[in-house]
Amino acid sequence: MEWQPDEQGLQQVLQLLKDSQSPNTATQRAVQQKLEQLNQFPDFNNYLIFVLTRLKSEDEPTRSLSGLILKNNVKAHYQNFPPAVADFIKQECLSNIGDPSPLIRATIGILITTIASKGELQTWPELLPQLCNLLNSEDYNTCEGSFGALQKICEDSSELLDSDALNRPLNIMIPKFLQFFKHCSPKIRSHAIACVNQFIIGRAQALMDNIDTFIESLFALAADEDSEVRKNVCRALVMLLEVRIDRLIPHMHSIVQYMLQRTQDPDENVALEACEFWLTLAEQPICKEVLSGHLVQLIPILVNGMKYSEIDIILLKGDVEEDEAIPDSEQDIKPRFHKSRTVTLQHEGGEGEEGEDIDEDDDDDDDTLSDWNLRKCSAAALDVLANVFRDELLPHLLPLLKDLLFHPDWVVKESGILVLGAIAEGCVQGMVPYLPELIPHLIQCLCDKKALVRSIACWTLSRYAHWVVSQPPDAYLKPLMTELLKRILDGNKRVQEAACSAFATLEEEACTELVPYLGFILDTLVFAFGKYQHKNLLILYDAIGTLADSVGHHLNQPEYIQKLMPPLIQKWNELKDEDKDLFPLLECLSSVATALQSGFLPYCEPVYQRCVTLVQKTLAQAMMYNQHPEQYEAPDKDFMIVALDLLSGLAEGLGGHVEQLVARSNIMTLLFQCMQDTMPEVRQSSFALLGDLTKACFLHVKPCIAEFMPILGLNLNPEFISVCNNATWAIGEISIQMGSSDSRQGAGDCSGVEMEPYVGLVLNHLVEIINRPNTPKTLLENTAITIGRLGYVCPQEVAPMLPQFIRPWCQSLRNIRDNEEKDSAFRGICLMIGVNPGGVVQDFIFFCDAVASWMNPKEDLRDMFYKILHGFKDQVGEENWQQFSEQFPPQLKERLSACYGV
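Under an unreviewed UniProt entry, the name given to the protein chain is Importin N-terminal domain-containing protein, and the source organism is Pygocentrus nattereri. As stated in UniProt under Subcellular location (unreviewed entry), the record for the protein chain gives "Cytoplasm".

Take a look at the structure:
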């Protein structure tokens, strides 16, 4: 007997579906409760499918809604459906996939793929064969409905379809899909391509076996009149470029011609898919030879795509000039991610190098339209092509730029400024001759009457900040800074945001060049505090933090502190402990505390206390959650990470002054827990803080060493680069303090007694890391420093290992600037060579090179080097030394002879 609904039950369900379309929240709540009640009845789901597939008297939205509620039930508790109910639903889906209504067909398709993705592809063996069979139906609705369902299954389960688990159905499906590329209905052609496209990136074997047929079929559809088909053809070619470029190379000329056409497609969705082609091609080694001949056509097309479309301007409220008084809607504020503290060393020729994990995010010129569009894609493509072709791009661009930048229509002029910003990185050499004329023009555009022109001018100027700072300050830096500061106080929120971000970039480039203007800069930033809405306040914190990082101790003047601290502390007091706005404020205060040093003392107590409280609260919440996950929510550990990082900033800025604060708090106990947290970022920040506290107030760290060292040893795992890096650095700082807290007689006189028991916990890991291939530079340098420092306090224990690390040790420290860390590490190496001179014989040339990397070593360290070099020379004799030093590069030879007379 087939299941039949009970009339009264059916009416109840229909009433529920009607109510759930009501806008009234009370009704909505009642609906939720009623749903939960009805879900207790096993055949409630039969009613839902019945309304969807059989009740043709009802309106389509109600029937579709019934299917969507059923889909949610399948998602939540399909495993509890009685077999009879599950079978009824499956059978109804397959019998009605050809419903005359497109909405009902699509709903049934969604329901099928939801059941399939609940592990039911294996237990519903007739599904794929039946859907593939239905494709042959004469009835358009049945064919389209089945294809719609298949496309959803291909999207949701592409990996499973290409596995042995199902006996490789793709061997049948892919050839079948390819036949439908020639179907008379564009909707069906489009489904067929979309299905095959799901298998390109995963290189499904069945597709690779039919790759040439696939490519020929795509070419045959190149001129299709349907825009959805053209879009899917473009998408396929872009993915093939990544996966099977070898099959495309013979046809590359015609593909490029085709994509040039499609990038100008009247349908923006097609143009966007086609524009991705240039972005992807730019990453391929053959880009240059393929595109060289086509730049003359391509560049104008990309430039043309960089104009705002009419719809963009409406969405961006391009004609609203003043909106600073309108509060932000909360969904406009994107979540910010805190980047945990990583300890790095200073290199020759400038600040700590940050090449390794920097996130390139400066191309987001209008990020509130966060959806990807043709303008952004064209700009990104021009940016990457500028990096491939460098100045060869300019002959095609400069003639266009002149017209654009001075165009009377603001939309055109705005796109010209964006072009100029997009090529800033790749074509910087070739642009230099034009900058003395262009930068003043751009500074003038900062005063344009259109807000969107002012905001893009901010971004583009920030892309040339490096050049601006390299010129005499009065020429461009001063006028640029003056105008940017006015824009920070613009009446338009988008301009405020662009100006703040641009100013932060300028601060990073200019560093101490800004010191003469500090009062003027702080007045502006502080004034903005009272003016900004929520979203821009968060960016303002960043600009203040970057300013502190850039000018450092120059900020520590009573008049500057008086301007800056009151508004920051006022915000600090307004925010509750659970407010995520604390993140950017804490990051900002961390930079400010480090820069102000003793100037931060009057403010440090409440800030310190609150950080400790944040850590404590988060740990307590995590403990409750681990014990009773059903009752408590998991804490947001970012609160703890940011608080630990601000404590690091305080310890670094206040130095010994932090001692009393630490004495009056339980931070060491909390730190012990944080160091063992499951989340790597928490451990990373705890080890940074441990190192900073070791430097600032070792007397509070020392009693905990026996508990802390084993944990540090466990974290010397290079799988977590930053955790490992900070743990390594902390071990080095602890070694130095342990060494000097003993009564030191001469260097190397049994001063490391207290450190000895711990050497075994860490040394082997460190030696392993320094010898690992592909270890990031920062980690290598910190590891070398720490090995040297361990050797400085425990030369007897570490020296036997010399031959295993001396070569990579010397190589990783030769590019570090002379500083305290390098000094202690080299003293350690010298002491170890004294204990085990044979350990360096094989690699002595590397030691010579590392010694030569010192500019001005301290006198007694110079003597140590002198003794070792001369000792080695005397040991081998004049003749052997001559032969040995013949291998030196000329520069090294000159340096050693000049500084050490060898």
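Past the structure itself, the notes keep going.
Caption draft 1: Main features of the environment of V432. Inspection of the secondary structure assignment puts V432 in the loop between α24 (428–431) and α25 (435–445). Under the relative-accessibility criterion, V432 is labelled partly exposed at 31%. For V432 and W467, which are 35 residues apart along the polypeptide, the C-alpha to C-alpha distance reads 8.1 Å.

Caption draft 2: Inspection of the UniProt feature "domain: Importin N-terminal" (unreviewed entry) in the protein chain at higher detail. In the numbering used here, UniProt assigns the "domain: Importin N-terminal" (unreviewed entry) feature to residues 31–99. Counted over residues 31–99, helix gives 71% and strand 0%. Its end C-alpha atoms are 28 Å apart.

Caption draft 3: Examining the packing of helix α30 (residues 518–531) against helix α31 (residues 534–551) more closely. Interhelical geometry of α30 versus α31 gives an angle of 160 degrees and a closest axis separation of 10 Å. Put simply, α30 runs roughly antiparallel to α31. Between α30 and α31 the crossing geometry is left-handed. Between α30 and α31, the contacting residues are L518, I521, L522, L525, A528 and F529 on the first element and L537, L540, Y541, I544, L547 and V551 on the second. Classifying every residue of the contact of α30 with α31 by side-chain character gives twelve nonpolar, no polar and no charged.

Caption draft 4: Fine view of helix α35 (residues 638–654). In this model α35 runs 24 Å from its N-terminal to its C-terminal C-alpha over 17 residues, within 8% of the 24 Å that 1.5 Å per residue would give. Residue G655 follows α35 closely and has a positive phi angle near 55 degrees.

Caption draft 5: Layout of the pattern of salt bridges. Applying the stated criterion to the full structure yields 45 salt bridges. The partner of E574 in a salt bridge is K571, with the nearest N and O atoms 3.8 Å apart. Of this pair, E574 and K571 both sit in helix α32 (residues 558–574), separated by three residues, roughly a single helical turn. One salt-bridge network, held together by shared partners, links R454, E483, K486, R487 and D490.

Rules and cut-offs
- Residues numbered from 1 in each chain as written.
- Predicted model: local features only at pLDDT ≥ 70, side-chain atom pairs only at ≥ 80, totals over all residues.
- Heavy atoms only, no water.
- UniProt positions renumbered as here; feature names shortened; annotations may be inferred.
- Helix = DSSP H or I, 4+ residues; strand = E, 2+ residues; numbered from the N terminus.
- Buried < 20%, exposed > 50% of the residue type's maximum accessible area, 1.4 Å probe, protein only.
- Axes fitted to C-alpha atoms, helices over the stretch in contact; angles between N-to-C directions.
- Parallel < 35°, antiparallel > 145°, perpendicular 65-115°, else oblique.
- Left-handed = near helix turned anticlockwise from the far one by under 90°.
- Contact = heavy atoms within 4.5 Å.
- Nonpolar A, V, L, I, M, F, W, Y, C, P; charged D, E, K, R; others polar.
- Expected span 1.5 Å × (residues − 1).
- Salt bridge = Lys/Arg side-chain N within 4 Å of Asp/Glu carboxyl O.

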